Amino acid sequence: MVALTLISLYNYLHRSLLLNNSSISSLLLQAQKKLCLFHTIKKEDSPHKLHILYPGRTKISTDNFFHPKIVIKQYNDHATIKKQSQSGPLTPHYVAPRDPIVLCHGLFGFDVRGPSTIPALQFHYWSGVEDTLAKLGAKVIVTRVPEAGSIWERSNTLHNILQSIIPGKHVNFVAHSMGGLDCRHLLANIPDRSYHVESLTTICTPHRGSPIMDWFRDHVGLGRNHHQHADKNASSPWLPASMTTKNNNTMRNDLQNNDLSLPHQSRSMFPSINVSLDKLLVQWLDEPAYAHLTTDFCNDYFNPNTPDDPNIKYYSYGGAAKFPAWSSILGLPWKIVYDKEGDNDGIVSVNSAKWGTYVKTINADHWDLSGKSVVPYRFRTTQSDGQKFNRLDFYAEMATHLYHQGH
């Protein structure tokens with residue numbers, strides 16, 4: 001469409017130049033009108049017409065976003081979205097859930113990066129997922145929380161965003177990776193919500209932590225400085241009540257002694273590193289999120305202290321991929337997780353991804369489910385039947401699943 005419009009504009013300018021050689025000002029005026037028309041056409045195809053809301057970037061009237069009289073055109077054309085299901089029979093058509101979808105990103109995630117005035121230079125975390133869902137007829141809210149903050153910080157940021165834009169509305173949470181832990185913490189620990197959550201769908205979320213984060217803690221030292229997160233305004237720190245005395249005391253001692261140095265295994269590999277430089281490096285690289293993604297934190301503290309809300313439906317998907325030697329930077333992490341927990345997506349095992357009603361396992365890696373799959377970090381992941389994994393198909397199918405579950 002864009003190419004045809006540009007060709008038409010070029011042909012018009014060419015004819016005008018031949019016929020109106022003496023009137024440059026008239027030519028420029030006509031060209032300006034054409035450009036204005038082109039800009040109007042482009043504006044009609046903007047994401048806002050598809051009902052996509054980016055609370056962190058744009059200020060849009062939610063009255064228009066939720067206006068009941070606005071009719072959204074549904075695109076069930078399988079030339080655009082393939083008629084394909086990742087397992088089982090083919091889905092005859094895709095439909096959107098009845099209530100808006102809130103997309104919640106994972107570790108180091110975001111909503112959109114790049115200049116809003118030049119969309120071609122923008123990079124979306126979800127990389128077309130929001131457009132696909134909106135074309136099905138869904139209203140989509142793309143949220144942004146601190147990219148490597150603690151679960152407590154990220155969940156409270158998410159709650160504050162939704163409190164300000166959708167009071168009284170019903171929504172469905174769809175979360176990738178760590179975003180699922182943020183949502184679970186919000187639903188379990190922030191009961192006073194002005195919005196109503198119908199369901200939470202987690203995709204490759206490490207509900208039981210990831211051995212990869214254990215490895216970085218044990219061999220590099222990342223995550224040792226953030227074993228706990230305390231709300232400075234609360235009377236007690238964010239500590240597990242059900243952890244063993246040994247683990248609890250170890251965490252407390254590490255914090256009290258400010259033991260930020262690398263573990264003994266790492267120090268033996270780098271004997272010439274000065275201890276002070278060692279501490280400085282770990283402090284610089286460490287983030288609160290790292291400790292909250294370890295297996296002992298999730299299993300011994302987070303899960304026992306984060307009960308499901310009985311009024312909300314929980315669904316989950318896991319990923320399983322295989323990486324030929326040196327075909328992906330996820331190959332080595334995959335091996336570490338596989339040796340500990342079996343099938344995984346390169347970061348999160350299938351077992352760790354299961355929570356609530358487990359829908360199915362996707363033949364894809366962890367980054368296939370977000371915009372990171374457009375980064376050339378590996379050869380294209382294929383399914384068992386030789387087809388390439390299609391992220392947009394998966395999310396369209398996921399939306400249809402929510403619809404059939406009554407959401």
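Residues numbered from 1 in each chain as written. Predicted model: local features only at pLDDT ≥ 70, side-chain atom pairs only at ≥ 80, totals over all residues. Heavy atoms only, no water.

Undergrad: Residue-level account of the overall build of the chain, with values.
TA: Helix and strand counts for the chain stand at 15 helices and 9 strands. By residue count, 47% of the 407 residues in the chain fall in the buried class. Put simply, 75% of the contacts in the chain that link residues at least 6 apart link residues at least 24 apart. Here the chain has roughly 20,700 Å² of accessible surface; of this, 56% comes from carbon and sulfur atoms. (Helix = DSSP H or I, 4+ residues; strand = E, 2+ residues; numbered from the N terminus. Buried < 20%, exposed > 50% of the residue type's maximum accessible area, 1.4 Å probe, protein only. Contact = heavy atoms within 4.5 Å. Areas by Shrake-Rupley, 256 points an atom, 1.4 Å probe, with all protein chains shown as cover.)

Undergrad: Requested: an account of the packing of helix α7 (residues 211-219) against helix α13 (residues 331-341), with residues and values cited.
TA: In a pair of packed helices, the angle between the axes and the distance between the axes together describe the arrangement. The interhelical angle for the contact between α7 and α13, taken along N-to-C directions, is 105 degrees, at an axis separation of 9 Å. It follows from the interaxial angle that α7 and α13 lie roughly perpendicular. Packed against α7, whose contacting residues are Pro 211, Ile 212 and Trp 215, the element α13 presents Pro 333, Ile 336, Val 337, Lys 340 and Glu 341 at the interface. Taken together, the residues of the contact of α7 with α13 sort by class into 6 nonpolar, no polar and 2 charged. (Axes fitted to C-alpha atoms, helices over the stretch in contact; angles between N-to-C directions. Parallel < 35°, antiparallel > 145°, perpendicular 65-115°, else oblique. Nonpolar A, V, L, I, M, F, W, Y, C, P; charged D, E, K, R; others polar.)

Undergrad: Just give me the short version of the sheet that holds strand β8 (residues 313-319), but keep the residues and values in it.
TA: The strand order β1-β5-β2-β6-β7-β8-β9 describes an open sheet built from 7 strands, whose pairing is parallel. Each edge of the sheet is formed by a strand with only one pairing partner; in this case those strands are β1 (52-53) and β9 (357-362). With 5 bridges joining them, β8 and β9 adopt parallel strand pairing. Following the sheet pairing, Gly 318 is matched in β9 by Thr 361. (Pairing = 2+ DSSP bridges.)

Undergrad: Give me the nonpolar core: which residues, what numbers.
TA: Looking at soluble globular proteins, one finds that nonpolar side chains tend to be buried together. By size, the foremost hydrophobic cluster in this structure holds 32 residues, and its most contacted members are Leu 103, Leu 133, Leu 369 and Tyr 395. Of all the secondary-structure elements, those providing two or more residues to this core are β2 (101-104), α4 (129-136), β5 (140-142), β8 and α15 (391-404). Considering every element that reaches this core, the biggest residue donor is α15, with 6 residues. Once residues within four sequence positions are removed from consideration, Leu 133 is found in contact with Ile 101, Leu 103, Ala 138, Val 140, Tyr 395 and Ala 399. Membership of the second largest hydrophobic core comes to 23 residues, among which are Leu 53, Leu 162, Ala 175 and Leu 186. (Core = buried A, V, L, I, M, F, W, Y, C linked by side-chain atoms within 4.5 Å.)

Undergrad: Before we move on, could you go through the environment of Tyr 317 and cite the residues and values that matter?
TA: Summarising the element assignment, Tyr 317 is placed in strand β8. A relative accessible area of 3% means that Tyr 317 is categorised as buried. Measuring from C-alpha to C-alpha, the distance between Tyr 317 and Val 350 comes to 8.3 Å, with 33 residues separating the pair along the chain.

Undergrad: Residue-level account of the environment of Thr 157, with values.
TA: Along the polypeptide, Thr 157 turns up in helix α5 (residues 151-165). On the basis of relative accessibility, which here comes to 24%, the residue Thr 157 falls in the partly exposed class. For the pair Thr 157 and Pro 146, spaced 11 residues apart in sequence, the C-alpha to C-alpha distance is 7.8 Å. Every residue in contact with Thr 157, bar those within four places of it in the chain, is listed here: Arg 144, Val 145 and Pro 146.

Undergrad: So what's going on with the packing of aromatic side chains? Residues and values would help.
TA: Inspection of every chain in the model, using the stated rule, returns 10 aromatic pairs. Ring plane angle 90 degrees and centroid distance 5.1 Å describe the contact between Tyr 317 and Phe 394, whose orientation is recorded as edge-to-face. Of this pair, Tyr 317 sits in strand β8 while Phe 394 sits in helix α15, placing them 77 residues apart in sequence. Ring centres of Phe 394 and Tyr 395 lie 5.1 Å apart, and the angle between their planes is 75 degrees; on these two criteria the pair is classed as edge-to-face. For the pair Phe 394 and Tyr 395, a shared accessibility class is recorded, and that class is buried. Put simply, the rings of Phe 110, Phe 123, Tyr 125, Trp 126, Tyr 317, Phe 394 and Tyr 395 pair up and form one aromatic cluster. Between the NZ or CZ atom of Arg 184 and the centre of the ring of Trp 355, over which it lies, the distance is 3.7 Å. Here Lys 354 stacks its cationic end above the ring of Tyr 358, 5.2 Å away from the centre of that ring. (Phe/Tyr/Trp six-rings, centres within 6.5 Å; stacked < 30°, edge-to-face > 60°. Lys NZ or Arg CZ within 6 Å of the ring centre and 35° of its normal.)

Undergrad: Just give me the short version of the confidence of the model for the chain, but keep the residues and values in it.
TA: On average, residues of the chain score 75 in pLDDT, and 61% of them reach the 70 mark or higher. Below pLDDT 50 for its whole length, residues 37-48 participates in 10 contacts with residues either more than four positions away or in separate chains. Note on residues 228-237: pLDDT under 50 across the span, and 13 contacts to partners over four residues away in sequence or across chains. (pLDDT = per-residue confidence, 0-100.)

Undergrad: Please provide a residue-by-residue account of a nonpolar patch on the surface, values included.
TA: The grouping of Leu 281, Trp 284 and Leu 285 at the surface amounts to a nonpolar patch, some 350 Å² of accessible area in total. Secondary-structure assignment places Leu 285 in helix α10 (residues 275-285). Residue classification places Leu 285 among the partly exposed residues on the basis of a relative accessible area of 35%. (Patch = residues over 30% accessible without salt bridge, like charges linked within 9 Å, V, L, I, M, F, W, Y side chains within 5 Å. Salt bridge = Lys/Arg side-chain N within 4 Å of Asp/Glu carboxyl O.)

Undergrad: Summarise unusual backbone geometry; cite the residues concerned and give the values.
TA: A positive phi angle, close to 60 degrees, is found at Phe 108, a residue other than glycine. Inspection of the secondary structure assignment puts Phe 108 in the loop between β2 and β3 (112-113). Phi at Ser 127 takes a positive value of approximately 45 degrees, unusual for a residue other than glycine.

Undergrad: A description of the packing of α5 against helix α6 (residues 179-189) should follow, citing residues and the corresponding values.
TA: Viewed as axis vectors pointing N to C, α5 and α6 meet at an angle of 70 degrees, and their least axial separation amounts to 8 Å. In terms of their interaxial angle, α5 and α6 are classed as roughly perpendicular. Residues Ile 151, Trp 152, Arg 154, Ser 155, Leu 158 and His 159 of α5 pack against Gly 179, Leu 181, Asp 182, Cys 183, His 185 and Leu 186 of α6. Residues of the contact of α5 with α6, tallied by class, amount to 6 nonpolar, 4 polar and 2 charged.

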